[in-house]
Amino acid sequence: MTATPPGLRERKKQATREALREAALRLAVERGPDRVRVEDIAEAAGVSPRTYNNYFASREQAIVSAVTADREARIAAAVAARTADVRLADAVTEAVVEQYTNTGERAHEALLLITTRPALRDAFLETTAGIEPPLAAVIAERLDDTGAHTARVLAASVAAAVRIALETWLRPTGDADTAETLVVPSGPLPDQLRTALAPLAPAFDAAEQRTQT
């Protein structure tokens, strides 16, 4: 089924969201995150602070959005694109690893900021909850889960596993109460993600087997 193209209103909202997150990242890189106000981001994007608050609850959310933008939808789309002969657990794992590790230059700039600011790290970790809704919909379709209960549990488990992997990867060292805390990534991120998701494979396999029978 062909997706319906977004209407003018939705395209304008998307353009505003993109302008805000780009302005947030640019100002944070230029000035440092602690010296950027919501009013500064709104002005740079050409909107009012009130409009800004319709899209982001904090400056940290806007900055982090530069690296996480639409990632949840891309993960779900990547799983949906896998053929039925691909094991669902493998499809989910590879989609997550791909979308969390294939980042562009702007995303790398944001990650450098995230690794040195506790507030940004917290906002970054909170975004993992967004994985659940779109992924649950894709899993439900794959499993023919009409009630979507199994799909929701599996998707929520994936979101939790990703958060745990990121927490491990971004474990801070030194004084956690300081404004800038050194973060030493613990091993390659793809390995951390695969390790965290591996315990979920039996549940995915069992769900697939029930669907086939």
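Scroll up to find the structure.
Not measured: the values here are computed from a predicted model.

The rules behind these values
Residues numbered from 1 in each chain as written. Predicted model: local features only at pLDDT ≥ 70, side-chain atom pairs only at ≥ 80, totals over all residues. Heavy atoms only, no water. Helix = DSSP H or I, 4+ residues; strand = E, 2+ residues; numbered from the N terminus. Buried < 20%, exposed > 50% of the residue type's maximum accessible area, 1.4 Å probe, protein only. Contact = heavy atoms within 4.5 Å. 1 Å grid on protein atoms, 1.4 Å probe; cavity = no way out; pocket = protein on both sides within 12 Å on 5 of 7 lines; lining within 4 Å. Points joined across faces, edges and corners; volume = space filled by probe spheres on them. Nonpolar A, V, L, I, M, F, W, Y, C, P; charged D, E, K, R; others polar. Expected span 1.5 Å × (residues − 1). Arc of directions from axis to C-beta. Core = buried A, V, L, I, M, F, W, Y, C linked by side-chain atoms within 4.5 Å. Axes fitted to C-alpha atoms, helices over the stretch in contact; angles between N-to-C directions. Parallel < 35°, antiparallel > 145°, perpendicular 65-115°, else oblique. Left-handed = near helix turned anticlockwise from the far one by under 90°.

Colleague: Account for the overall build of the protein, with residues named and values stated.
Modeller: Scanning the protein for helices and strands turns up 12 helices and zero strands. Going residue by residue from the N terminus, the α and β elements of the protein occur as α-α-α-α-α-α-α-α-α-α-α-α. Residues counted as buried form 41% of the 213 residues belonging to the protein.

Colleague: So what's going on with the environment of I63? Residues and values would help.
Modeller: With respect to the helices and strands, I63 occurs in helix α4 (residues 59–68). Separated by 42 residues in sequence, I63 and R21 have C-alpha atoms that sit 5.9 Å apart. Other than its neighbours up to four places away in sequence, I63 contacts A24, A28, P33, A110, L113 and L120.

Colleague: A description of empty space enclosed by the protein should follow, citing residues and the corresponding values.
Modeller: Leftover empty space is mapped by rolling, across the atoms, a probe with the size of a water molecule. Under the defined criterion, the tally for this structure stands at one cavity of 30 Å³ or more. By volume, the largest cavity is sized at about 50 Å³. Every residue lining the largest cavity is listed: V67, R71, Y100, L111, F124, L166, W169 and L189. Of the residues belonging to the lining of the largest cavity, the class tally is seven nonpolar, no polar and one charged.

Colleague: Hey, could you go over the layout of surface pockets for me, with residue numbers and the actual values?
Modeller: Roughly 270 Å³ of internal volume is contained in the largest pocket. Of all elements in the fold, only α1 (8–31), α4, α5 (71–81) and α8 (118–126) reach the threshold of two or more residues within the lining of the largest pocket. A total of three residues in the lining of the largest pocket trace back to one element, the largest contributor, which is α4. Tallied by class, residues from the lining of the largest pocket come to three nonpolar, five polar and five charged.

Colleague: I'd love a proper account of helix α10 (residues 149–169), names of residues and values included.
Modeller: Residue pairs three or four apart in sequence face the same way in an α-helix, which turns once every 3.6 residues. Taking 1.5 Å of rise per residue, the 21 residues of α10 would be expected to cover 30 Å, and the 30 Å separating its terminal C-alpha atoms lies within 8% of that figure. Buried residues of α10: A151, L154, A155, V158, A159, A161, V162, A165, L166 and W169, and no others. When α10 is viewed along its axis, its buried side chains cluster within an angular range of 160° and face the same direction. Counted as exposed and oriented over 90 degrees from the buried face of α10: H149, R152 and V153. On its buried face, α10 sits against α6 (88–101), α8, α9 (132–143), α11 (189–197) and α12 (201–212).

Colleague: I'd like a description of the nonpolar core, backed by residues and values.
Modeller: Residues V96, Y100, I139, V158 and F204 are the most contacted members of the largest nonpolar core, which totals 64 residues. Per element, the largest residue contribution to this core is 10 residues, and it comes from α10.

Colleague: Break down the packing of α8 against α10 for me, with residues and values.
Modeller: Two elements in contact, α8 and α10, have axes separated by 9 Å at closest approach and are oriented at 155°. Taken together, the axis directions place α8 and α10 in an arrangement best described as roughly antiparallel. Classified by chirality, the crossing of α10 by α8 is right-handed. When α8 is examined against α10, the residues F124, L125 and E126 are found in contact with a partner set consisting of R163, L166 and E167. Residue composition of the contact of α8 with α10, by class: three nonpolar, no polar and three charged.

Colleague: Can you explain the environment of A77? Please cite residues and give values.
Modeller: Its place among the elements puts A77 in helix α5. Spatially, the C-alpha atoms of A77 and P134 are 8.6 Å apart, while their sequence positions differ by 57 residues.

Colleague: Describe in detail the packing of α5 against α9, supporting the description with residues and values.
Modeller: The N-to-C vectors of α5 and α9 enclose an angle of 15°; their axes lie 8 Å apart at closest approach. In terms of their interaxial angle, α5 and α9 are classed as roughly parallel. In this structure, α5 crosses over α9, and the sense of that crossing is right-handed. Two secondary-structure elements touch here, α5 through E72, A76, V79 and A80 and α9 through P134, L135 and V138.

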